[in-house]
Amino acid sequence: MPLKKMFIDGQWVEATSGQTRTILNPYNQETIATAAEGDQTDAKQAIAAARRAFDQGDWPNTPATERASHVRKIAELIERDKQELAELESLDTGKTVEESLVDMDDIAGVFHYYAEIGDKDGGEMIDSPIPNSVSKVVREPVGVCGQITPWNYPLLQASWKLAPALVTGNTLVMKPSEITPLTTVKVFELIEEAGFPAGVANLVLGAGNTVGAELSNNTDVDLISFTGGIETGKKIMQAASINVKKLALELGGKNPNVVFADADFETAVDQAMNAVFFHAGQICSAGTRLIIEESIHDKFVAALTERVQNIKLGSGFEETTQMGPLISAEHLAKVEHYVETGKQEGAKVVVGGKRPEAPELQNGFFYLPTIFTDCTSDMKVVQDEGFGPVITVETFQTEDEAIKLANDSIYGLAGGVWTNDIVKAERCVAKMRMGTVWINEFNLYFPHAPWGGFKQSGIGRELGKPGLEEYTETKHIFHNLDPKPINWF
Ligand code: NAD
C-alpha cells in the first residue's frame, strides 16, 4: 500500500519526522491507507512555499481567464476520475457510493462554477465627486490562505475552499481532516496534473493541534478558512488574532425542520427522514430538530417510525445499503453519550437509541437511526449538535410558537418550513435566524447560492459570489488627473 504523501512546493514528500498515520475503513476497521503525519515543521515549509509563490511567483498576476482555465481543468479531471474518487470517499467515510457519486458531481460543479464567474469581475468605476479624477475599485487576492476541512464531506468542503481561492489568485496550504485525507490527496494529484505553478497549492496532512494550529498561528498566513466544530472554531479565531488574519468559519448547526398540519404529509415525512438520516446524520445542516404542529404529531411520528425502522444499514459498497457507519469509534462513543443524556433528561426513545445487534455490523461504527419524542427546548439533546442519526421531536400550537422554537438555538445554519400556505411560509422564513431557509425542501444547496451561518454557526459565506469575495481584498484606486498644491499649511 503506497504511502499517501503531502504536496509541498510542487513535490510529493513524506513527513519530516518520518511519522505516519493509519487510515481506517469505518465499516470494518480495516486499514485502507497509511498517510504521512506532518507536523509544525512541514506546515512551516508549506507556508513558506505558498508565501514565495504569492510574493515572488506569477500566479497572483496571471490573467484571471488563465487562472479560470486551470480551475476548469480540475473540474474536468474530477469528472474523468469520478468513479475512483467516489469509491475512495466511501471507503474513507463509510457513506454509500451512490451518495459519493452525487458528491463528485457537486464538487466538479463547484470548480466549474468558480471557473465560470472567476474572470467576470473587472472591478468597478466610481462616479468620483472630485473633478478631473478617476476613481476605481479592484479586487485582489488576499495572499496565503490556510484551509482546514472536516471529515464528514472531505472533498466537498475542500472544493468550496480550493476553487474560489485559486481562481482569485491566492496561494494556499490545505489541511484535511486527519481521519479522511484520501480524496484530498487525490485531488492534489489532479491539481498537479492541471499544471498549477509549484507552491500555489500545498497539502499538509496531520492533526489539528499541530498542522492546523500552525496554520492559525503563523503570521505568514493571511486568511484562515475553517469548516468544523464550534470549539475548534473558537480556538482558531483566537489564534488568528495574532496577525488579524481574515477569517471564514463554517461551524456547526442544530437545524429546525418545522412542519405545519397543512403541509403535504407524505412528502414532509419522506423529507424529514432525508433531512436527518442522510450520511448517518453527520451533516452540519441536518434537520435534527423536528418541530411539528401538535394536531399531526401522533400520525407523523407513527409514519416516521415505521419508515425509520426499515432503514438498511451496511457497507457503502452494497447497492441496498441506505445508511453507513459513523466515522470513528470516538465519534460513535460521543453519539452514544449524547443519546444517553437525552434519555436521562426525559426524552422518549421511539425507535433506535442503541447500536444495532446484527452480527455483520459489529466491526463497524454503526448506530441505529433514532427518534426522540417528548422533547423540550431546554434539553441538551435538543440544543447540542449530536452529529449522528438522531432526531428530536417538539410540538407547537401556533405559528409564533413554532418560530420561537426554531430560533431557540445558539446555532443559525439552516432550517426548513413545510406548509401549503405560501403567505405563512414567507412570514415564517422572514423570522427564522439562519443562513439558509428552505420552504417545502430540506438540505438543498448548489454552488450559485451562498452557504454559511448566522449566530454561532460561523462567520462569512462559502459558495456563490460571497464565497469568491471572501478570497479577495477590495482596493480603491484614486487617480488625480490635475494635481495642485493644497496650501493648507
Ligand atoms: P473538528 O472541529 O474536530 O475538526 C475540523 C478540522 O479542524 C480537522 O481538520 C481538524 O484536524 C482541525 N483541527 C482540530 N483542532 C484544531 C486546532 N486546534 N487548530 C486548527 N485546526 C484544528 O470538526 P470535525 O469533527 O472534523 O467535523 C464535524 C464538525 O464540522 C461539525 O460540528 C459540523 O457541523 C461541522 N461542519 C460544518 C459545515 C458547515 O458548512 N457549516 C460543514 C461540514 C461540517
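Residues numbered from 1 in each chain as written. Predicted model: local features only at pLDDT ≥ 70, side-chain atom pairs only at ≥ 80, totals over all residues. Heavy atoms only, no water.

Here's the deal with the overall build of the protein chain
Alright, step 1. Counting its regular elements, the protein chain contains 15 helices and 22 strands.
Alright, step 2. Against the globule reference of 23 Å for 489 residues, the protein chain gives a C-alpha radius of gyration of 24 Å, in line with a compact fold.
Alright, step 3. Taken over the C-alpha atoms alone, the protein chain extends approximately 80 × 60 × 40 Å along its principal axes.
Alright, step 4. In the protein chain, which comprises 489 residues, the proportion classed as buried is 56%.
Alright, step 5. The contacts in the protein chain between residues at least 6 apart in sequence include a share of 73% that link residues at least 24 apart.
Alright, step 6. Element-wise, carbon and sulfur atoms account for 50% of the exposed surface of the protein chain, whose accessible area totals about 20600 Å².
Alright, step 7. Within the protein chain, one finds 43 positive and 69 negative side-chain charges whose respective centroids are separated by 4 Å. (Helix = DSSP H or I, 4+ residues; strand = E, 2+ residues; numbered from the N terminus. Rg over C-alpha atoms; globule rule 2.2 N^0.38 Å. Buried < 20%, exposed > 50% of the residue type's maximum accessible area, 1.4 Å probe, protein only. Contact = heavy atoms within 4.5 Å. Areas by Shrake-Rupley, 256 points an atom, 1.4 Å probe, with all protein chains shown as cover. Lys, Arg positive; Asp, Glu negative; His and termini not counted. Charge placed at Lys NZ, Arg CZ, Asp CG, Glu CD.)

Looking at the site of the ligand
Alright, step 1. With respect to spatial proximity, 28 residues lie near the ligand, and among them Thr149, Glu178, Thr232, Leu251 and Glu385 are the closest.
Alright, step 2. The separation between an oxygen atom of the ligand and a polar main-chain atom of Thr149 is 2.7 Å.
Alright, step 3. Elements with a contribution of two residues or more to the shell around the ligand: helix 7 (208-217), strand 10 (223-227) and helix 8 (230-240).
Alright, step 4. Looking at the shell around the ligand residue by residue, the classes come out as 12 nonpolar, 11 polar and five charged.
Alright, step 5. Of the residues that make up the shell around the ligand, three or more belong to each of domain 1 (3-251 + 457-476) and domain 2 (256-439). (Near = heavy atom within 4 Å. Polar contact = N/O pair within 3.5 Å; in protein donor to acceptor, adjacent residues only side chain to side chain. Nonpolar A, V, L, I, M, F, W, Y, C, P; charged D, E, K, R; others polar. Domains from an automatic or database assignment.)

Comments concerning the sheet that holds strand 22 (residues 472-480)
Alright, step 1. What the three strands build is an open sheet, ordered 5-6-22; its pairing is antiparallel. Each of the sheet's edge strands pairs with one partner strand only, and the pair in question is strand 5 (124-126) and strand 22. In this sheet, neighbouring strand axes are inclined to one another by 25° on average, regardless of whether the strands run parallel or antiparallel.
Alright, step 2. Pairing of strand 5 with strand 6 (residues 133-141), which is carried by three bridges, proceeds in the antiparallel orientation. (Pairing = 2+ DSSP bridges. Axes fitted to C-alpha atoms, helices over the stretch in contact; angles between N-to-C directions.)

Side note on the sheet that holds strand 18 (residues 414-418)
Alright, step 1. With respect to topology, seven strands assemble into an open sheet ordered 14-15-16-13-12-18-19, the strand pairing being mixed. Of all strands in the sheet, those with a lone pairing partner are strand 14 (348-351) and strand 19 (436-439), marking the two edges. Each strand axis lies, on average, 25° off the axis of its neighbour in the sheet, ignoring direction.
Alright, step 2. Contacting strand 12 (256-259), strand 13 (289-293), strand 15 (370-373), strand 16 (390-396) and strand 18, helix 9 (residues 265-277) runs over the sheet at an angle of about 135° to strand 16.
Alright, step 3. Packed onto the sheet, helix 14 (residues 422-431) meets strand 18 and strand 19 and runs at close to 170° relative to strand 19.

Brief notes about a nonpolar patch on the surface
Alright, step 1. Together, Ile486, Trp488 and Phe489 line one region of the surface with nonpolar side chains, adding up to about 560 Å² of accessible area.
Alright, step 2. Within the element layout of this structure, Ile486 appears in the segment after strand 22. (Patch = residues over 30% accessible without salt bridge, like charges linked within 9 Å, V, L, I, M, F, W, Y side chains within 5 Å. Salt bridge = Lys/Arg side-chain N within 4 Å of Asp/Glu carboxyl O.)

Digging into the packing of aromatic side chains
Alright, step 1. The tally for this structure, following the rule as stated, stands at 14 aromatic pairs.
Alright, step 2. Ring geometry for Tyr113 and Tyr114: centres 5.0 Å apart, planes at 70°, overall edge-to-face.
Alright, step 3. The exposure class of Tyr113 is buried, given its relative accessible area of 11%.
Alright, step 4. Residue Tyr114 is classed as buried on the basis of its relative accessible area of 0%.
Alright, step 5. Ring pairing ties together the aromatic residues Trp160, Trp438, Phe442, Tyr445 and Trp451, which thus form one cluster.
Alright, step 6. Lying over the aromatic face of Tyr153, Lys95 brings its terminal NZ or CZ to 3.5 Å of the ring centre.
Alright, step 7. Lying across the ring of Phe265, Lys299 places its NZ or CZ 4.2 Å from the centre. (Phe/Tyr/Trp six-rings, centres within 6.5 Å; stacked < 30°, edge-to-face > 60°. Lys NZ or Arg CZ within 6 Å of the ring centre and 35° of its normal.)

A few points about the environment of Leu468
Alright, step 1. Within the secondary structure, Leu468 is located in helix 15 (residues 464-469).
Alright, step 2. On a C-alpha basis, the gap between Leu468 and Ile236 in space is 21 Å, while along the polypeptide they are 232 residues apart.
Alright, step 3. When neighbours within four sequence positions are excluded, Leu468 is seen to be in contact with Tyr114, Ile117, Pro164, Val167 and Thr168.

Structural notes on the domain arrangement of the protein chain
Alright, step 1. According to the domain assignment, the protein chain contains domain 1 (3-251 + 457-476) and domain 2 (256-439).
Alright, step 2. Facing the 24 residues of domain 1 at the interface are 27 residues of domain 2.
Alright, step 3. Summing both sides of the interface, domain 1 and domain 2 together bury roughly 2200 Å²; the carbon and sulfur share of this comes to 65%.
Alright, step 4. Here domain 1 is connected to domain 2 by zero salt bridges. (Buried area = accessible area lost by both parts, 1.4 Å probe.)

Thoughts on helix 8
Alright, step 1. Along helix 8, the residues that are buried comprise Ile230, Gly233, Ile236, Ala239 and Ala240.
Alright, step 2. Summarising the contacts, the buried residues of helix 8 are in contact with strand 7 (144-148), helix 7, strand 10, strand 11 (246-250) and strand 17 (411-412).

Description of unusual backbone geometry
Alright, step 1. Backbone geometry places Asp9, a non-glycine residue, at a positive phi of 55°.
Alright, step 2. By the element assignment, Asp9 lies in the loop between strand 1 (6-8) and strand 2 (11-13).
Alright, step 3. Located in the positive-phi region is His279, a residue other than glycine, with phi close to 50°.
Alright, step 4. Within the secondary structure, His279 is located in the loop between helix 9 and strand 13.

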